[in-house]
Amino acid sequence: MPSHYDAIHCHDDDIGPLEWPVSHRVTIPENAHPGVYAFQAEWEGGYERVVFFVTSSQVSSPLLYLVPTATYLAYADEYLPDHLYEWKGDDRGHRFAIANNLKSLYDYHSDLSGVSICSYKKPKVTLRDDYDYPLCGCPHNLPVDLHFLRFCHDNGIVFDVMTDHDLHECGIDGLRRHQAVVTGSHPEYMSIEMEQALRQFVAEGGSIAYLGGNGFAATVAFKDDLMELRRSPLEAGRTWDGPVAEQALSITNEPGGYLRCRGRGEFSLIGGAISLMGFDGARPFTRTEESHEAGCAWLFEGVENATFGTDGMVLGGAAGYEVDATYPALGTSADTVVIARATGFPDSFFQDPTRWYEGGDKQRIARRCAEMTLRKLAAGGLIFSASSVAWCGALPAAGAMNDVGRITLNLLTRLGATKGEPGREKSIS
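What counts and what doesn't
- Residues numbered from 1 in each chain as written.
- Predicted model: local features only at pLDDT ≥ 70, side-chain atom pairs only at ≥ 80, totals over all residues.
- Heavy atoms only, no water.
- Core = buried A, V, L, I, M, F, W, Y, C linked by side-chain atoms within 4.5 Å.
- Buried < 20%, exposed > 50% of the residue type's maximum accessible area, 1.4 Å probe, protein only.
- Contact = heavy atoms within 4.5 Å.
- Helix = DSSP H or I, 4+ residues; strand = E, 2+ residues; numbered from the N terminus.
- Salt bridge = Lys/Arg side-chain N within 4 Å of Asp/Glu carboxyl O.
- Pairing = 2+ DSSP bridges.
- Expected span 1.5 Å × (residues − 1).
- Arc of directions from axis to C-beta.
- Polar contact = N/O pair within 3.5 Å; in protein donor to acceptor, adjacent residues only side chain to side chain.

**Details of the nonpolar core**
Among the nonpolar cores identified, the biggest contains 102 residues, and Phe148, Leu175, Phe285 and Trp391 are the most heavily contacted of them. Residues contacting leucine 175, with those up to four places away along its chain left out, are Leu64, Met162, Leu167, Val181, Ala197, Leu198 and Phe201.

As C-alpha coordinates, this is what we get:
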(Lines give C-alpha, C1' and ligand atoms only; values in the text may rest on other atoms or scores of the structure.)
Protein backbone atom coordinates (compact mmCIF):
# COMPACT_ATOMS: atom_id res chain seq x y z
CA MET A 1 0.00 0.00 0.00
CA PRO A 2 2.35 2.80 -1.17
CA SER A 3 -0.21 5.45 -0.20
CA HIS A 4 0.35 4.52 3.47
CA TYR A 5 3.99 5.57 3.44
CA ASP A 6 6.02 8.69 2.64
CA ALA A 7 9.56 7.36 3.17
CA ILE A 8 11.81 4.34 2.82
CA HIS A 9 14.88 3.48 4.91
CA CYS A 10 18.01 2.61 2.94
CA HIS A 11 21.40 1.58 4.31
CA ASP A 12 24.88 1.89 2.84
CA ASP A 13 25.69 -1.68 3.91
CA ASP A 14 22.57 -3.50 2.66
CA ILE A 15 23.37 -6.73 0.82
CA GLY A 16 20.70 -8.44 -1.23
CA PRO A 17 21.12 -11.42 -3.56
CA LEU A 18 24.57 -11.24 -5.15
CA GLU A 19 23.47 -12.67 -8.52
CA TRP A 20 26.88 -14.21 -9.18
CA PRO A 21 27.09 -16.01 -12.54
CA VAL A 22 26.75 -19.79 -12.44
CA SER A 23 30.11 -21.56 -12.53
CA HIS A 24 29.06 -25.15 -11.78
CA ARG A 25 25.88 -27.18 -12.03
CA VAL A 26 25.08 -30.53 -10.47
CA THR A 27 22.14 -32.89 -10.83
CA ILE A 28 21.07 -34.58 -7.62
CA PRO A 29 20.62 -38.31 -8.33
CA GLU A 30 17.06 -39.60 -8.09
CA ASN A 31 18.17 -42.17 -5.49
CA ALA A 32 19.99 -39.68 -3.25
CA HIS A 33 19.05 -40.13 0.38
CA PRO A 34 17.44 -37.09 2.02
CA GLY A 35 19.83 -35.27 4.30
CA VAL A 36 22.49 -32.60 4.66
CA TYR A 37 25.07 -32.31 1.89
CA ALA A 38 27.79 -29.90 0.82
CA PHE A 39 29.73 -28.83 -2.24
CA GLN A 40 33.43 -29.00 -1.36
CA ALA A 41 35.63 -26.37 -3.01
CA GLU A 42 39.30 -27.27 -2.69
CA TRP A 43 42.55 -25.41 -3.22
CA GLU A 44 46.15 -25.97 -2.21
CA GLY A 45 46.20 -26.31 1.53
CA GLY A 46 42.50 -26.26 2.27
CA TYR A 47 38.83 -26.44 1.34
CA GLU A 48 35.46 -24.90 2.13
CA ARG A 49 32.04 -26.55 2.10
CA VAL A 50 28.84 -24.94 0.83
CA VAL A 51 25.92 -26.63 2.55
CA PHE A 52 22.67 -27.65 0.88
CA PHE A 53 19.77 -29.92 1.79
CA VAL A 54 18.15 -32.78 -0.10
CA THR A 55 14.55 -33.16 1.01
CA SER A 56 12.18 -36.10 0.62
CA SER A 57 10.03 -36.43 -2.49
CA GLN A 58 8.03 -39.34 -1.09
CA VAL A 59 7.28 -40.82 2.31
CA SER A 60 9.78 -43.47 3.43
CA SER A 61 9.65 -43.02 7.20
CA PRO A 62 6.99 -42.16 9.79
CA LEU A 63 9.46 -39.61 11.21
CA LEU A 64 10.02 -36.25 9.53
CA TYR A 65 13.10 -34.22 10.43
CA LEU A 66 12.48 -30.48 10.13
CA VAL A 67 15.73 -28.70 9.18
CA PRO A 68 15.71 -25.26 10.90
CA THR A 69 16.72 -23.26 7.83
CA ALA A 70 15.02 -20.12 9.15
CA THR A 71 17.28 -20.19 12.21
CA TYR A 72 20.33 -20.97 10.07
CA LEU A 73 19.56 -17.98 7.86
CA ALA A 74 18.95 -15.62 10.80
CA TYR A 75 22.33 -16.43 12.35
CA ALA A 76 24.36 -16.69 9.13
CA ASP A 77 27.32 -14.26 8.93
CA GLU A 78 26.84 -12.90 12.44
CA TYR A 79 29.21 -9.98 13.00
CA LEU A 80 29.63 -10.17 16.81
CA PRO A 81 31.59 -6.90 17.27
CA ASP A 82 34.24 -7.46 19.93
CA HIS A 83 33.47 -4.19 21.72
CA LEU A 84 30.06 -5.66 22.61
CA TYR A 85 30.82 -9.36 23.06
CA GLU A 86 33.57 -11.34 24.74
CA TRP A 87 34.78 -14.03 22.36
CA LYS A 88 35.59 -17.35 24.06
CA GLY A 89 36.75 -18.95 20.83
CA ASP A 90 37.54 -18.04 17.26
CA ASP A 91 35.93 -18.93 13.94
CA ARG A 92 37.10 -18.09 10.43
CA GLY A 93 33.53 -17.51 9.25
CA HIS A 94 33.03 -14.64 11.67
CA ARG A 95 36.42 -13.20 10.73
CA PHE A 96 35.33 -13.34 7.07
CA ALA A 97 32.00 -11.67 7.90
CA ILE A 98 33.80 -8.83 9.65
CA ALA A 99 36.37 -8.40 6.88
CA ASN A 100 33.65 -8.26 4.20
CA ASN A 101 31.03 -6.33 6.18
CA LEU A 102 28.48 -9.15 6.03
CA LYS A 103 25.54 -8.89 8.40
CA SER A 104 23.12 -11.28 10.07
CA LEU A 105 19.68 -10.57 11.50
CA TYR A 106 21.42 -10.21 14.87
CA ASP A 107 23.48 -7.22 13.68
CA TYR A 108 22.87 -3.56 12.97
CA HIS A 109 23.63 -1.27 10.06
CA SER A 110 26.17 1.53 10.07
CA ASP A 111 23.43 4.00 11.10
CA LEU A 112 22.69 1.70 14.11
CA SER A 113 19.31 0.55 12.80
CA GLY A 114 18.82 -3.20 12.97
CA VAL A 115 19.30 -5.60 10.06
CA SER A 116 15.80 -6.94 9.48
CA ILE A 117 15.95 -8.55 6.00
CA CYS A 118 18.44 -11.04 4.60
CA SER A 119 18.78 -13.14 1.46
CA TYR A 120 19.79 -16.77 1.18
CA LYS A 121 21.46 -15.90 -2.15
CA LYS A 122 24.65 -14.67 -0.51
CA PRO A 123 27.55 -16.40 1.30
CA LYS A 124 26.70 -18.06 4.60
CA VAL A 125 30.20 -18.44 5.94
CA THR A 126 29.16 -19.58 9.42
CA LEU A 127 26.90 -22.38 8.13
CA ARG A 128 29.49 -25.15 8.25
CA ASP A 129 29.96 -28.58 9.76
CA ASP A 130 33.13 -27.42 11.59
CA TYR A 131 31.66 -24.17 12.89
CA ASP A 132 32.39 -22.96 16.44
CA TYR A 133 30.36 -20.13 17.95
CA PRO A 134 32.79 -17.55 19.37
CA LEU A 135 30.56 -16.57 22.31
CA CYS A 136 30.72 -20.06 23.78
CA GLY A 137 33.74 -21.54 21.99
CA CYS A 138 31.83 -24.65 20.91
CA PRO A 139 29.59 -25.90 18.07
CA HIS A 140 26.21 -24.27 17.49
CA ASN A 141 23.30 -24.85 15.10
CA LEU A 142 24.33 -26.98 12.07
CA PRO A 143 27.21 -28.98 13.61
CA VAL A 144 25.06 -29.84 16.63
CA ASP A 145 22.21 -30.93 14.38
CA LEU A 146 24.64 -33.02 12.32
CA HIS A 147 25.81 -34.70 15.53
CA PHE A 148 22.18 -35.67 16.20
CA LEU A 149 21.65 -36.96 12.66
CA ARG A 150 24.84 -39.05 12.83
CA PHE A 151 23.69 -40.51 16.14
CA CYS A 152 20.36 -41.48 14.59
CA HIS A 153 22.08 -42.97 11.52
CA ASP A 154 24.39 -45.04 13.74
CA ASN A 155 21.39 -46.36 15.67
CA GLY A 156 19.10 -47.20 12.78
CA ILE A 157 16.70 -44.25 13.06
CA VAL A 158 15.57 -43.18 9.58
CA PHE A 159 14.01 -39.82 8.71
CA ASP A 160 12.34 -38.10 5.85
CA VAL A 161 13.60 -34.52 5.58
CA MET A 162 11.85 -31.17 5.15
CA THR A 163 13.22 -27.65 5.60
CA ASP A 164 11.52 -24.70 7.28
CA HIS A 165 11.19 -23.10 3.85
CA ASP A 166 9.43 -26.24 2.56
CA LEU A 167 7.03 -26.25 5.49
CA HIS A 168 6.21 -22.60 4.90
CA GLU A 169 5.28 -23.40 1.29
CA CYS A 170 3.54 -26.76 1.83
CA GLY A 171 1.81 -26.22 5.15
CA ILE A 172 -0.08 -29.11 6.73
CA ASP A 173 -0.08 -31.08 3.46
CA GLY A 174 3.66 -31.60 3.86
CA LEU A 175 3.18 -33.18 7.29
CA ARG A 176 0.05 -35.29 7.14
CA ARG A 177 1.63 -38.53 5.92
CA HIS A 178 4.01 -38.66 8.86
CA GLN A 179 3.50 -39.61 12.48
CA ALA A 180 5.95 -37.23 14.12
CA VAL A 181 7.95 -34.09 13.39
CA VAL A 182 11.44 -34.06 14.90
CA THR A 183 13.31 -30.77 15.33
CA GLY A 184 16.95 -29.82 15.56
CA SER A 185 18.70 -28.11 18.45
CA HIS A 186 17.45 -24.56 17.94
CA PRO A 187 14.29 -24.06 15.81
CA GLU A 188 13.88 -20.47 17.00
CA TYR A 189 12.14 -18.78 14.05
CA MET A 190 8.76 -19.58 12.51
CA SER A 191 6.47 -18.06 9.96
CA ILE A 192 2.79 -18.02 10.88
CA GLU A 193 2.21 -20.59 8.13
CA MET A 194 4.79 -22.95 9.67
CA GLU A 195 3.45 -22.64 13.19
CA GLN A 196 -0.16 -23.11 12.07
CA ALA A 197 0.80 -26.26 10.16
CA LEU A 198 2.43 -27.73 13.29
CA ARG A 199 -0.61 -26.87 15.42
CA GLN A 200 -2.93 -28.51 12.93
CA PHE A 201 -0.62 -31.53 12.72
CA VAL A 202 -0.84 -32.28 16.44
CA ALA A 203 -4.58 -31.53 16.44
CA GLU A 204 -4.96 -34.30 13.86
CA GLY A 205 -3.00 -36.84 15.94
CA GLY A 206 0.61 -36.12 15.08
CA SER A 207 3.48 -35.80 17.54
CA ILE A 208 6.39 -33.36 17.96
CA ALA A 209 9.81 -34.31 19.29
CA TYR A 210 11.30 -30.92 20.12
CA LEU A 211 14.97 -31.70 20.70
CA GLY A 212 16.19 -28.17 21.31
CA GLY A 213 15.74 -24.99 23.27
CA ASN A 214 14.37 -21.48 22.66
CA GLY A 215 12.27 -22.79 19.80
CA PHE A 216 9.03 -21.67 18.10
CA ALA A 217 9.63 -18.17 19.47
CA ALA A 218 9.77 -15.35 16.93
CA THR A 219 7.87 -14.54 13.75
CA VAL A 220 9.59 -14.35 10.38
CA ALA A 221 8.23 -13.73 6.90
CA PHE A 222 9.45 -15.11 3.56
CA LYS A 223 9.31 -13.79 0.02
CA ASP A 224 11.38 -15.28 -2.80
CA ASP A 225 14.99 -15.37 -1.51
CA LEU A 226 14.28 -12.99 1.40
CA MET A 227 13.51 -13.54 5.06
CA GLU A 228 12.46 -10.75 7.42
CA LEU A 229 12.65 -10.49 11.20
CA ARG A 230 11.67 -7.51 13.37
CA ARG A 231 12.85 -6.76 16.92
CA SER A 232 11.73 -4.18 19.48
CA PRO A 233 11.93 -3.33 23.20
CA LEU A 234 8.96 -5.67 23.70
CA GLU A 235 11.38 -8.62 23.50
CA ALA A 236 14.00 -9.91 25.91
CA GLY A 237 17.56 -10.78 24.96
CA ARG A 238 17.54 -8.80 21.70
CA THR A 239 20.75 -7.58 20.05
CA TRP A 240 19.25 -4.39 18.57
CA ASP A 241 16.19 -2.25 19.12
CA GLY A 242 13.70 -1.25 16.47
CA PRO A 243 10.86 1.18 17.19
CA VAL A 244 7.76 -0.56 18.51
CA ALA A 245 5.74 1.14 15.78
CA GLU A 246 7.98 -0.49 13.14
CA GLN A 247 7.60 -4.05 14.35
CA ALA A 248 5.24 -4.99 11.52
CA LEU A 249 6.83 -7.16 8.84
CA SER A 250 7.16 -5.20 5.61
CA ILE A 251 7.04 -8.34 3.45
CA THR A 252 3.58 -9.38 4.66
CA ASN A 253 2.35 -6.41 6.76
CA GLU A 254 1.59 -8.81 9.64
CA PRO A 255 2.82 -8.32 13.23
CA GLY A 256 6.42 -9.27 13.91
CA GLY A 257 8.01 -10.03 17.26
CA TYR A 258 7.26 -12.99 19.50
CA LEU A 259 4.59 -15.45 18.41
CA ARG A 260 3.34 -15.56 22.01
CA CYS A 261 2.22 -11.93 21.67
CA ARG A 262 -0.33 -13.17 19.14
CA GLY A 263 -1.71 -15.97 21.30
CA ARG A 264 0.56 -18.50 19.58
CA GLY A 265 4.11 -19.58 20.17
CA GLU A 266 6.09 -21.89 22.34
CA PHE A 267 4.21 -22.00 25.65
CA SER A 268 0.90 -23.10 24.16
CA LEU A 269 2.49 -25.27 21.47
CA ILE A 270 5.28 -27.21 23.21
CA GLY A 271 4.88 -26.27 26.87
CA GLY A 272 7.77 -23.95 27.69
CA ALA A 273 9.91 -21.10 26.46
CA ILE A 274 13.35 -19.66 27.06
CA SER A 275 14.06 -19.13 30.75
CA LEU A 276 17.85 -18.75 30.79
CA MET A 277 20.66 -17.92 28.35
CA GLY A 278 24.37 -18.18 29.07
CA PHE A 279 27.71 -19.07 27.56
CA ASP A 280 29.33 -20.82 30.52
CA GLY A 281 29.01 -24.32 31.95
CA ALA A 282 25.94 -26.36 31.05
CA ARG A 283 24.14 -28.41 33.69
CA PRO A 284 22.79 -31.98 33.86
CA PHE A 285 19.12 -32.92 34.19
CA THR A 286 17.63 -34.80 37.15
CA ARG A 287 14.44 -36.85 36.88
CA THR A 288 11.33 -35.69 38.71
CA GLU A 289 8.97 -37.94 40.69
CA GLU A 290 6.42 -37.57 37.87
CA SER A 291 8.84 -39.17 35.42
CA HIS A 292 8.39 -42.53 37.20
CA GLU A 293 4.64 -42.62 36.60
CA ALA A 294 3.26 -45.07 34.05
CA GLY A 295 2.62 -42.49 31.35
CA CYS A 296 6.24 -41.28 31.38
CA ALA A 297 8.38 -44.19 32.61
CA TRP A 298 8.76 -45.72 29.11
CA LEU A 299 10.93 -42.76 28.11
CA PHE A 300 13.54 -43.71 30.71
CA GLU A 301 13.79 -47.44 30.05
CA GLY A 302 17.46 -48.42 30.30
CA VAL A 303 18.45 -45.07 31.78
CA GLU A 304 20.95 -45.86 34.51
CA ASN A 305 21.05 -42.65 36.52
CA ALA A 306 18.55 -40.23 38.00
CA THR A 307 20.87 -37.40 36.91
CA PHE A 308 22.03 -37.47 33.30
CA GLY A 309 23.69 -35.26 30.71
CA THR A 310 26.85 -34.44 32.65
CA ASP A 311 28.93 -33.89 29.51
CA GLY A 312 28.46 -32.78 25.92
CA MET A 313 29.91 -30.83 23.02
CA VAL A 314 27.88 -27.69 23.86
CA LEU A 315 29.25 -26.12 27.05
CA GLY A 316 29.89 -29.52 28.60
CA GLY A 317 26.39 -30.72 29.45
CA ALA A 318 22.82 -31.42 28.36
CA ALA A 319 21.20 -28.19 29.63
CA GLY A 320 22.93 -25.10 28.36
CA TYR A 321 23.28 -22.10 26.05
CA GLU A 322 19.53 -21.44 26.01
CA VAL A 323 17.09 -23.48 28.07
CA ASP A 324 13.31 -23.52 28.48
CA ALA A 325 10.92 -23.74 31.41
CA THR A 326 7.15 -23.86 31.83
CA TYR A 327 4.96 -20.92 32.83
CA PRO A 328 1.18 -21.49 33.05
CA ALA A 329 0.37 -17.76 33.02
CA LEU A 330 1.80 -17.52 29.50
CA GLY A 331 0.11 -20.63 28.12
CA THR A 332 1.66 -23.87 29.40
CA SER A 333 -1.14 -26.46 29.35
CA ALA A 334 -2.16 -28.00 32.67
CA ASP A 335 -1.53 -31.52 31.32
CA THR A 336 2.14 -30.76 30.55
CA VAL A 337 4.29 -32.97 32.79
CA VAL A 338 7.77 -31.86 33.90
CA ILE A 339 9.83 -35.07 33.72
CA ALA A 340 13.32 -33.68 34.40
CA ARG A 341 14.78 -30.45 35.67
CA ALA A 342 18.21 -28.80 35.54
CA THR A 343 19.25 -26.29 38.19
CA GLY A 344 22.39 -24.69 39.58
CA PHE A 345 23.17 -22.56 36.53
CA PRO A 346 26.03 -20.06 36.85
CA ASP A 347 25.14 -16.48 37.75
CA SER A 348 26.23 -15.46 34.24
CA PHE A 349 23.10 -17.10 32.80
CA PHE A 350 20.66 -14.31 31.95
CA GLN A 351 17.09 -14.92 33.15
CA ASP A 352 14.08 -14.03 31.00
CA PRO A 353 12.86 -10.67 32.40
CA THR A 354 9.45 -10.92 30.73
CA ARG A 355 8.19 -13.35 33.38
CA TRP A 356 6.56 -11.91 36.48
CA TYR A 357 6.64 -13.80 39.76
CA GLU A 358 4.11 -13.13 42.49
CA GLY A 359 6.62 -14.35 45.09
CA GLY A 360 9.22 -11.78 44.07
CA ASP A 361 12.97 -12.43 43.97
CA LYS A 362 12.76 -15.62 46.03
CA GLN A 363 10.41 -17.24 43.53
CA ARG A 364 12.32 -15.85 40.57
CA ILE A 365 15.60 -17.33 41.83
CA ALA A 366 13.89 -20.67 42.43
CA ARG A 367 12.81 -20.65 38.77
CA ARG A 368 16.37 -20.47 37.41
CA CYS A 369 15.96 -23.85 35.75
CA ALA A 370 15.42 -25.87 32.62
CA GLU A 371 12.37 -28.16 32.49
CA MET A 372 12.09 -31.17 30.20
CA THR A 373 8.43 -31.91 29.52
CA LEU A 374 6.09 -34.50 28.07
CA ARG A 375 2.46 -33.97 27.11
CA LYS A 376 0.01 -36.56 25.85
CA LEU A 377 -2.53 -35.05 23.47
CA ALA A 378 -6.24 -35.81 23.21
CA ALA A 379 -5.88 -36.60 19.51
CA GLY A 380 -3.44 -39.42 20.29
CA GLY A 381 -0.03 -37.88 19.74
CA LEU A 382 2.42 -36.45 22.21
CA ILE A 383 4.81 -33.52 22.53
CA PHE A 384 8.26 -33.97 24.02
CA SER A 385 10.42 -30.96 24.85
CA ALA A 386 14.12 -31.43 25.62
CA SER A 387 14.12 -27.74 26.60
CA SER A 388 17.80 -27.14 25.84
CA VAL A 389 19.90 -26.07 22.87
CA ALA A 390 22.65 -28.29 24.29
CA TRP A 391 20.59 -31.51 24.40
CA CYS A 392 21.62 -32.91 21.00
CA GLY A 393 25.24 -32.05 21.76
CA ALA A 394 25.10 -34.37 24.79
CA LEU A 395 24.36 -37.42 22.64
CA PRO A 396 27.19 -39.97 22.57
CA ALA A 397 29.77 -40.36 19.85
CA ALA A 398 29.64 -43.26 17.39
CA GLY A 399 30.02 -46.64 19.06
CA ALA A 400 29.08 -45.35 22.52
CA MET A 401 25.87 -44.92 24.48
CA ASN A 402 24.77 -42.76 27.40
CA ASP A 403 21.53 -41.85 29.15
CA VAL A 404 20.83 -38.89 26.83
CA GLY A 405 21.14 -41.31 23.93
CA ARG A 406 18.84 -43.88 25.53
CA ILE A 407 16.14 -41.29 26.22
CA THR A 408 16.36 -39.99 22.64
CA LEU A 409 16.19 -43.49 21.17
CA ASN A 410 13.26 -44.45 23.41
CA LEU A 411 11.41 -41.36 22.21
CA LEU A 412 12.08 -41.79 18.48
CA THR A 413 11.42 -45.53 18.57
CA ARG A 414 8.06 -44.90 20.24
CA LEU A 415 7.09 -42.18 17.77
CA GLY A 416 8.13 -44.30 14.79
CA ALA A 417 6.44 -47.52 15.90
CA THR A 418 4.28 -49.29 13.32
CA LYS A 419 0.51 -48.96 13.39
CA GLY A 420 -1.09 -50.80 16.26
CA GLU A 421 1.96 -50.49 18.49
CA PRO A 422 2.28 -47.91 21.27
CA GLY A 423 2.95 -44.45 19.93
CA ARG A 424 1.72 -45.13 16.39
CA GLU A 425 -1.33 -42.95 15.93
CA LYS A 426 -1.25 -42.29 12.20
CA SER A 427 -0.60 -44.51 9.22
CA ILE A 428 1.36 -43.63 6.12
CA SER A 429 -0.79 -43.29 3.05
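Alright, that's what it looks like, and here's the rest.
**Re the side chain of threonine 163**
Considering the arrangement of structural elements, one finds threonine 163 in strand 5 (residues 160-163). When sequence neighbours within four positions are dropped, the list of residues in contact with threonine 163 reads Phe53, Thr55, Leu66, Val67 and Thr69.

**Topic: the pattern of salt bridges**
All told, the structure shown has 21 salt bridges when counted by the stated rule. The salt bridge partner of aspartate 91 is arginine 128, with a shortest N-O separation of 2.7 Å. Taken together, the positions of aspartate 91 in the loop between helix 1 (69-75) and helix 2 (92-99) and arginine 128 in the loop between strand 4 (117-119) and helix 3 (142-154) put the pair 37 residues apart, joining distant regions of the chain. Each member of the pair, aspartate 91 as well as arginine 128, carries the same accessibility label: buried. Ionic pairing is found between glutamate 204 and arginine 176, a salt bridge with its closest N-O pair at 2.9 Å. A residue pair is termed long-range when its members are at least 10 positions apart, and glutamate 204 in the loop between helix 5 (192-203) and strand 8 (207-210) and arginine 176 in the loop between helix 4 (164-170) and strand 6 (180-183) qualify at 28 residues. Residue arginine 176 is classed as partly exposed on the basis of its relative accessible area, which comes to 33%. The structure contains a network of salt bridges with shared partners spanning Glu48, Asp91, Arg92, Arg128 and Asp130.

**Some points on the sheet that holds strand 10 (residues 226-229)**
Pairing within the open sheet is mixed, and its 4 strands lie in the order 4-10-9-7. With partners counted over all chains shown, the strands left at the sheet margins are strand 4 and strand 7 (189-190), one partner each. Note: strand 9 (residues 218-223) against strand 10, 4 bridges, orientation antiparallel. In the sheet register, lysine 223 faces strand 10, and the bridge partner there is leucine 226.

**With respect to helix 3**
In this model helix 3 runs 18 Å from its N-terminal to its C-terminal C-alpha over 13 residues, within 8% of the 18 Å that 1.5 Å per residue would give. Those residues of helix 3 that fall on the buried side of the exposure criterion are Leu142, Pro143, Val144, Asp145, Leu146, His147, Phe148, Phe151 and Cys152. The first or second residue beyond helix 3 is glycine 156, which carries a positive phi of 75°.

**Examining helix 2**
Every buried residue of helix 2 is accounted for by Gly93, His94 and Ala97. One side of helix 2 holds all its buried residues, which, seen down the axis, span an arc of 95°. The residue sitting at the N-terminus of helix 2 and contributing the capping side-chain oxygen is aspartate 91; that oxygen lies 2.8 Å from the backbone nitrogen of glycine 93. Asparagine 101 lies just past helix 2 and shows a positive phi near 60°.

**Digging into the sheet that holds strand 11 (residues 272-277)**
With antiparallel pairing, the 3 strands of this open sheet are ordered in space as 14-11-16. One side of each edge strand has no neighbouring strand; the edge strands of this open sheet are strand 14 (322-326) and strand 16 (350-351). Here strand 11 runs beside strand 14; their pairing, made up of 5 bridges, is antiparallel. Bridge pairing in strand 14 places leucine 276 opposite valine 323.

**Some remarks on unusual backbone geometry**
A positive phi angle, near 70°, is found at aspartate 77, a position not held by glycine. Along the chain, aspartate 77 turns up in the loop between helix 1 and helix 2. Phi at asparagine 253 takes a positive value of approximately 65°, unusual for a residue other than glycine. Positionally, asparagine 253 belongs in the loop between strand 10 and helix 6 (266-270). Asparagine 253 gets classed as exposed once you look at its relative accessible area, which sits at 54%.

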